[in-house]
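Fold and geometry: a report
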Amino acid sequence: MSLTAAALNLAGHALTPGAQRSWWLREALAAEKDSAPQAPLTSEISADVVVIGGGFTGLWTAYHLTQAKPDMKVVVLEQDICGGGPSGRNGGFASGWWDELDGLISLYGRDEAVRACRAISDSINAIGEFCRLHKVDAWYKHAGYLYAATAPQHEAIAEEIVRLAGEVGVPDELQALSPQEVKARCDSPAFRSGAFMRDGASVQPALLARGLRRVLLEWGVIIHEGTPVTRLDAGPPAVAITAGGSVRAPKAVLALNAWAVGWPQLRRRLVAWSSYIVLTAPAPEKLAKIGWTGGELVTDFRTSVRYFRTTRDGRIAFGGGGGRASSRIDDSFTHDMRAVEEAAEGFRRLFPSFADVPLEDAWGGPIDVSPTHLPTFGSLAPGNLFYALGYTGNGVAPSHLAGKVIADLVTGADTDSTRLPMVNRKPRLFPPEPLRSIGAAVVRRAIIAKDTAEERGHHPNPVMLAIARMPRRMGYLLGP
Ligand SMILES: Cc1cc2nc3c(=O)[nH]c(=O)nc-3n(C[C@H](O)[C@H](O)[C@H](O)COP(=O)(O)OP(=O)(O)OC[C@H]3O[C@@H](n4cnc5c(N)ncnc54)[C@H](O)[C@@H]3O)c2cc1C
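First, a word on what this report is: a plain description of the structure on this page. (Residues numbered from 1 in each chain as written. Predicted model: local features only at pLDDT ≥ 70, side-chain atom pairs only at ≥ 80, totals over all residues. Heavy atoms only, no water.)

Moving on to the nonpolar core. F130, L208 and F377 are the most contacted members of the largest nonpolar core, which totals 89 residues. In terms of residue count, helix α5 (residues 110-133) provides more of this core than any other element does, ten residues in total. Those residues in contact with F377, other than ones at most four positions away along the chain, are Y387, A388, Y391, P398, L401, A402, V405, M422, V423 and N424. Grouped together as the second largest cluster of nonpolar side chains are 29 residues, V278, W292, V298 and I316 included. (Core = buried A, V, L, I, M, F, W, Y, C linked by side-chain atoms within 4.5 Å. Buried < 20%, exposed > 50% of the residue type's maximum accessible area, 1.4 Å probe, protein only. Helix = DSSP H or I, 4+ residues; strand = E, 2+ residues; numbered from the N terminus. Contact = heavy atoms within 4.5 Å.)

Take a look at the structure:
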């Protein structure tokens, strides 16, 4: 189906993704007394730790470091403004890892998999605690996570994640739902059976990122915005070089997310894919009609997952659809109208009762897909550089944990966090360029074609299916 602006029902809105900041971030900036950016770095300074990247990973790292060592001088360098990247653009799903048991067990074994899940659950709670403690109203709501199958093939996946949770001794974490039980929480004609994971909280992500920034500034953390780091000399000491100055510090943290595709130390650990979100006008009465008033996060089981949630004023933020894969972060991650149309098409398909509700906004951003689709945290040679990477579109809760792990690694503390199985693992690598980005782009389109065929009740084209399955055949934990 080809979609025009009229079919999208844009109601006269100039919906140009990338032309403006995400709706979340515009709301968050509007609520700030003083939203002026922190000044760019214009001199040569020293610090104990320099953090490159002012998204959740960098901000939580600075938070945990300063909490542990209030006298430590931490400098955060952000090329845009804090929360200007995916941390202020995402769906706001802070979700548990109990649905990831399959991959986690194959990587780390059963006990370590459960330990990793518990650590993520602790982070979800800790984000809520942070909001309460620091009076950050980021709309934190712990209402759980609903999985809704939209194709017959997906029902088996729901059964499998529930079965596995029972098998490892955590049956309360995931519960099977009949079609009626799914529809009682959120009624769509497309929904079949599903599952409910109790461990899921929604946040307004930009309010959380900006709240973190506010707390850090109050604590004396130095933040320079509008400050791209153009080079990092590892040292030690590490020297982060920017257009107007430099920061010399014994230790440096690379909190770069998908921008790591441009960094030699990390580039083979990820491919960058885009994800897009469309946002409806407020329609609380329609949400009430479909019974979606509990604030649950919802996803389907497409491999190229669709994710959707409600807002306080009764909108739906609906993500997923198409997206591109690329070896550098360019406009295709923020300005891709085709990806917006694909997200909108998914929304219209799942929520036909919202046909007359206009879409008022759309935005996109890059996600850092790892070979295992799970993140890893650790240190890099020569030992004074630290990183967290590979969230694969699921970084809201894990980045809190990443910040804790990195802070402990930086300070040399031997804690439960630093002994988690995803810390300092030997990395799995993608092939070198140009194979990496060509392969990622081809596989991404094949996955979407497979998902779309299944959802429409067709058999996927065998060639597309074979391509979509290639990553698994090559030993990556990606794709069907
Ligand atoms: C559309 C979309 C929807 C998503 N939905 C969800 C969701 O619902 N739930 C979930 O868990 N995850 C979701 N994610 C993923 C989630 O947003 C990320 O995993 C998370 O924000 C990662 O935080 P981060 O700090 O590592 O990355 P970022 O927020 O990307 O921060 C990295 C920062 O580094 C900066 N930077 C890069 N290079 C440089 C440089 N050279 N110098 C200085 N600064 C630099 C960037 O400007 C950026 O601000 C989504 C992502 C997208 C794009």
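Attention now goes to the packing of α5 against helix α8 (residues 205-218). One way to put it is that α5 packs onto α8 with a least axis distance of 11 Å and a crossing angle of 55°. Judged on the interaxial angle alone, α8 and α5 are oblique. Relative to α8, α5 is oriented so that their crossing is left-handed. Within the contact between the two elements, α5 uses I127, F130 and C131 and α8 uses L208, G211, L212 and V215. (Axes fitted to C-alpha atoms, helices over the stretch in contact; angles between N-to-C directions. Parallel < 35°, antiparallel > 145°, perpendicular 65-115°, else oblique. Left-handed = near helix turned anticlockwise from the far one by under 90°.)

As a structural note, the neighbourhood of the ligand is formed by 35 residues, with T57, E78, S87, G395 and V396 the closest of them. In the model, an oxygen atom of the ligand is placed 2.9 Å from a nitrogen or oxygen of the F56 main chain. One of the backbone N or O atoms of V229 is found 2.9 Å from a nitrogen atom in the ligand. Protein chains bury 97% of the 1,000 Å² of accessible surface belonging to the ligand in isolation. Residue assignment for the shell around the ligand shows that the elements contributing at least two residues are α3 (56-68) and β19 (359-369). The residue makeup of the shell around the ligand, split by class, is 16 nonpolar, 17 polar and two charged. (Near = heavy atom within 4 Å. Polar contact = N/O pair within 3.5 Å; in protein donor to acceptor, adjacent residues only side chain to side chain. Areas by Shrake-Rupley, 256 points an atom, 1.4 Å probe, with all protein chains shown as cover. Nonpolar A, V, L, I, M, F, W, Y, C, P; charged D, E, K, R; others polar.)

Taken as a whole, the second largest pocket spans an internal volume of roughly 350 Å³. Of all the secondary structure elements, the ones that give two or more residues to the lining of the second largest pocket are α2 (23-31) and α8. Ranked by residues supplied to the lining of the second largest pocket, first place goes to α8 with six residues. (1 Å grid on protein atoms, 1.4 Å probe; cavity = no way out; pocket = protein on both sides within 12 Å on 5 of 7 lines; lining within 4 Å. Points joined across faces, edges and corners; volume = space filled by probe spheres on them.)

Once that is clear, we can look at the environment of A407. If you trace the backbone, A407 turns up in helix α11 (residues 396-411). What makes A407 buried here is its relative accessible area of 3%. Taking the C-alpha atoms as reference points, A407 and G211, separated by 196 residues in sequence, lie 19 Å from one another. The residues touching A407, leaving out its near neighbours within four places in the chain, are T61, H64 and L65.

To continue, consider the packing of aromatic side chains. All told, the structure shown has 24 aromatic pairs when counted by the stated rule. Geometrically, the ring pair formed by F318 and F351 is edge-to-face, given 6.5 Å between the ring centres and 90° between the ring planes. Here the residue F318 occupies a position in strand β17 (residues 316-319), and F351 occupies one in the loop between α10 (337-350) and β19, the gap between them amounting to 33 residues. With relative accessibility at 1%, the residue F351 sits in the buried group. Between F430 and Y476, the aromatic rings sit 5.1 Å apart at their centres with planes inclined by 45°, giving tilted as the arrangement. Taken together, the positions of F430 in the loop between α11 and α12 (435-455) and Y476 in the segment after α13 (462-473) put the pair 46 residues apart, joining distant regions of the chain. For Y476, a relative accessible area of 12% translates into the label buried. Site record: aromatic cluster; members linked through ring pairs are F191, W292, F308, F318, F347, F351 and F354. Above the ring of F196, the side-chain terminus of R185 is found at 3.9 Å from the ring centroid. Directly above the aromatic system of Y387 lies the positively charged group of R269, at a separation of 4.9 Å from the ring centroid. (Phe/Tyr/Trp six-rings, centres within 6.5 Å; stacked < 30°, edge-to-face > 60°. Lys NZ or Arg CZ within 6 Å of the ring centre and 35° of its normal.)

Along the polypeptide, S417 turns up in the loop between α11 and α12. When residues no more than four places from it in sequence are discounted, the contact partners of S417 are K404, V405, D408 and V423.

Where side chains of opposite charge bring their charged atoms close, a pairing between them can arise. Applying the stated criterion to the full structure yields 31 salt bridges. A salt bridge links D330 to R328; its shortest N-O distance comes to 4.0 Å. Looking at D330, the relative accessible area reads 25%, which means it is partly exposed. Here R328 falls in the exposed class, since its relative accessible area comes to 55%. A salt bridge links R456 to E345, with the shortest nitrogen-to-oxygen separation between them at 2.9 Å. Taken together, the residues R456 in the loop between α12 and α13 and E345 in helix α10 connect sequence positions 111 residues apart. (Salt bridge = Lys/Arg side-chain N within 4 Å of Asp/Glu carboxyl O.)

Looking now at the packing of α3 against α8. Where α3 meets α8, the closest approach of the two axes is 10 Å, and the angle between their N-to-C directions is 35°. Where α3 crosses over α8, the handedness of that crossing is left-handed. In contact with F56, L59, W60, A62 and Y63 of α3, α8 contributes P205, L208, A209, L212, V215 and L216. For the contact of α3 with α8, a count of residues per class yields eleven nonpolar, no polar and no charged.

This part takes up the pairing of strand β21 (residues 385-389). With five of five residues buried, β21 lies mostly within the body of the structure. Covered by surrounding structure in β21 are L385, Y387 and L389 together with F386 and A388, the residues of both alternating faces. Taken together, the five bridges between strand β20 (residues 376-380) and β21 define a ladder with antiparallel strand orientation. Bridge pairing in β21 links T376 to L389. Here β20 hands over to β21 after four residues, with G383 in that stretch at a positive phi of 120°. (Pairing = 2+ DSSP bridges.)

Attention now moves to the environment of G479. Among the secondary structure elements, G479 is positioned in the segment after α13. Given a relative accessible area of 18%, G479 falls into the buried group. Along the sequence, G479 and T303 sit 176 residues apart, while their C-alpha atoms lie 6.1 Å from each other. In this structure, G479 is in contact with T303, I447, A468 and R472, ignoring residues within four places of it in sequence.

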